[in-house]
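# Notes for the structure review
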Amino acid sequence: MTIIVTGGAGFIGSNFVFHMLDKHPDYRIVCLDKLTYAGNLSTLKSVMDNPNFRFVKADICDRDAVFALFEEEKPDIVVNFAAESHVDRSIEDPGIFLKTNILGTQTLMDACRKYGIQRYHQVSTDEVYGDLPLDRPDLFFTEETPIHTSSPYSSSKAGADLLVLAYHRTFGLPVTISRCSNNYGPYHFPEKLIPLMIANALNDKPLPVYGKGENVRDWLYVEDHCKAIDLIIHNGRVGEVYNIGGHNEMANIDIVKIICKELNKPESLITYVADRKGHDMRYAIDPTKIHNELGWLPETKFADGIKKTIQWYLDNKEWWEEIISGEYQAYYDKMYSNK
Ligand code: NAD
Ligand code: DAU
């Protein structure tokens, strides 16, 4: 079995590569990644010498490169993690989100059509459903919830999802889609809430909370997401969408306070800054379908997962310190100086 994993040098993709090499030692895992600012080859150094692993630097929008890789590897399964993934960047510059997230998906599926595959899996997001009100805790996103996006990022992911379903109906491509809630864990790029707050707190820098910090996200430990995708590509029904979520809703401000407590840092570091434009209020996934059909349940409780995550950032300072000292610093200054 050969699996092409796109975006495998990023946060979730790299955790998925580790999971698959560990759980399926007879599989060949080929990682295709452009190594944008969010992709980091050092993340993959522990598997670079594994004979069942190959890394290829390429853009999913580059038809020649993608088709050449398919010709060479004849993959059985493709799992597409490659994307521009940060909402704030999509508000600054939507264009690259449409290109990578929609046209890159099309290129991959065209290659899948030409070379024939058992499964094309699209890694999508709960953000395609828009948001839920804070005063209706009884409401959750199901797979039937209408697409109703808020940001250029979520719109580009929704566009890709629609295209994936269209390739299934029109061309019979054997696809599945998963829509997951917010992940956290090792190798999370420090522009996102949890790793940014850990890195800033460790450096005694202000902790920039958007608006009042009331926005709610449904946090899932990244390994649980990887296990869900593993189940879907093997046992999920072709043409179906599966929601993945942790039943673990938390307000941003509470997460930041937990990080302060765990690191023994004062809450006076918390700084309320201007809100994100179009900021979604609450995400909450109903994972009944994947539980009933595939037996999936989240295994890591948030109290344990956040401790493991913080410990990982303490033990791997060189990984994130190198990132925040490079071009990321210019991004940070630009994004947060006028907030
Ligand atoms: P990430 O930003 O950490 O990593 C993205 C990876 O894709 C990087 O390695 C980058 O180099 C690569 N990439 C970007 N453009 C590319 C291109 N044109 N060609 C090849 N590679 C390219 O993202 P992540 O947080 O790991 O998210 C992975 C996927 O999961 C995304 O599709 C995202 O929409 C989805 N998702 C993320 C979350 C989350 O909480 N992070 C939740 C649900 C779904
Ligand atoms: O829900 C799944 C999505 O989760 C994925 O599709 C996205 O790829 C992923 O980036 C994530 O999107 P969010 O926008 O929810 O994640 P982010 O870490 O950027 O922000 C989480 C919350 O924290 C959000 O309400 C905004 C807030 N926030 C974020 C940052 C970076 C702050 O208050 N301060 C910050 O500095």
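Heads up: the structure comes first, above all this text.
Not measured: the values here are computed from a predicted model. (Residues numbered from 1 in each chain as written. Chains lettered and ligands numbered in written order. Predicted model: local features only at pLDDT ≥ 70, side-chain atom pairs only at ≥ 80, totals over all residues. Heavy atoms only, no water.)

When you go through the chain residue by residue, the secondary structure sums to 12 helices and 13 strands. Taking 2.2 N^0.38 as the reference for a compact globule, 339 residues should give roughly 20 Å; the C-alpha atoms of the chain span a radius of gyration of 19 Å, in line with that estimate. With respect to the principal axes defined by its C-alpha atoms, the chain has extents near 55 × 45 × 35 Å. Per-residue burial for the chain yields a buried fraction of 58% across its 339 residues. Pairs at least 24 apart in sequence give 83% of the contacts found in the chain among residues at least 6 apart. Accessible surface for the chain amounts to roughly 14000 Å². Of this, 50% is attributable to carbon and sulfur atoms. Distance from the positive charge centre (36 side chains) to the negative charge centre (48 side chains) of the chain: 1 Å. (Helix = DSSP H or I, 4+ residues; strand = E, 2+ residues; numbered from the N terminus. Rg over C-alpha atoms; globule rule 2.2 N^0.38 Å. Buried < 20%, exposed > 50% of the residue type's maximum accessible area, 1.4 Å probe, protein only. Contact = heavy atoms within 4.5 Å. Areas by Shrake-Rupley, 256 points an atom, 1.4 Å probe, with all protein chains shown as cover. Lys, Arg positive; Asp, Glu negative; His and termini not counted. Charge placed at Lys NZ, Arg CZ, Asp CG, Glu CD.)

All right, on to the site of ligand 1 then. In the vicinity of ligand 1, 29 residues are found, and the nearest of them are Ile 12, Asp 33, Ser 85, Tyr 153 and Lys 157. Tyr 153 places a polar side-chain atom, nitrogen or oxygen, 2.6 Å from an oxygen atom of ligand 1. Within the side chain of Lys 157, a nitrogen or oxygen atom sits 2.7 Å from an oxygen atom of ligand 1. When ligand 1 is considered free in solution it has 840 Å² of accessible area, and contact with the protein chains removes 97% of it. Here the shell around ligand 1 gets three residues from one element, more than from any other, and that element is strand S5 (residues 119–125). Tallied by class, the residues present in the shell around ligand 1 amount to 13 nonpolar, 11 polar and five charged. (Near = heavy atom within 4 Å. Polar contact = N/O pair within 3.5 Å; in protein donor to acceptor, adjacent residues only side chain to side chain. Nonpolar A, V, L, I, M, F, W, Y, C, P; charged D, E, K, R; others polar.)

Lining the immediate surroundings of ligand 2 are 24 residues, of which Asp 126, Tyr 153, Arg 276, His 279 and Tyr 336 lie closest. Elements with a minimum of two residues in the shell around ligand 2: helix H6 (193–202) and strand S8 (207–210). Examining the composition of the shell around ligand 2, we find that three residues originate from one element, S8, more than from any other. When grouped by side-chain class, the residues that make up the shell around ligand 2 number 10 nonpolar, eight polar and six charged.

Here we have seven strands laid out as an open sheet, ordered S3-S2-S1-S4-S5-S6-S11, and parallel in their pairing. Two strands bound the open sheet, and with one partner strand each, they are strand S3 (53–57) and strand S11 (241–244). Put simply, the sheet's adjacent strands are angled 20 degrees from each other on average, direction ignored. Strands strand S1 (2–6), strand S2 (28–33), S3 and strand S4 (77–80) of the sheet are contacted by helix H2 (residues 63–73), whose axis makes an angle of about 170 degrees with S2. Contacting S5, strand S6 (175–180) and S11, helix H5 (residues 152–171) crosses the sheet at an angle of about 155 degrees to S5. (Pairing = 2+ DSSP bridges. Axes fitted to C-alpha atoms, helices over the stretch in contact; angles between N-to-C directions.)

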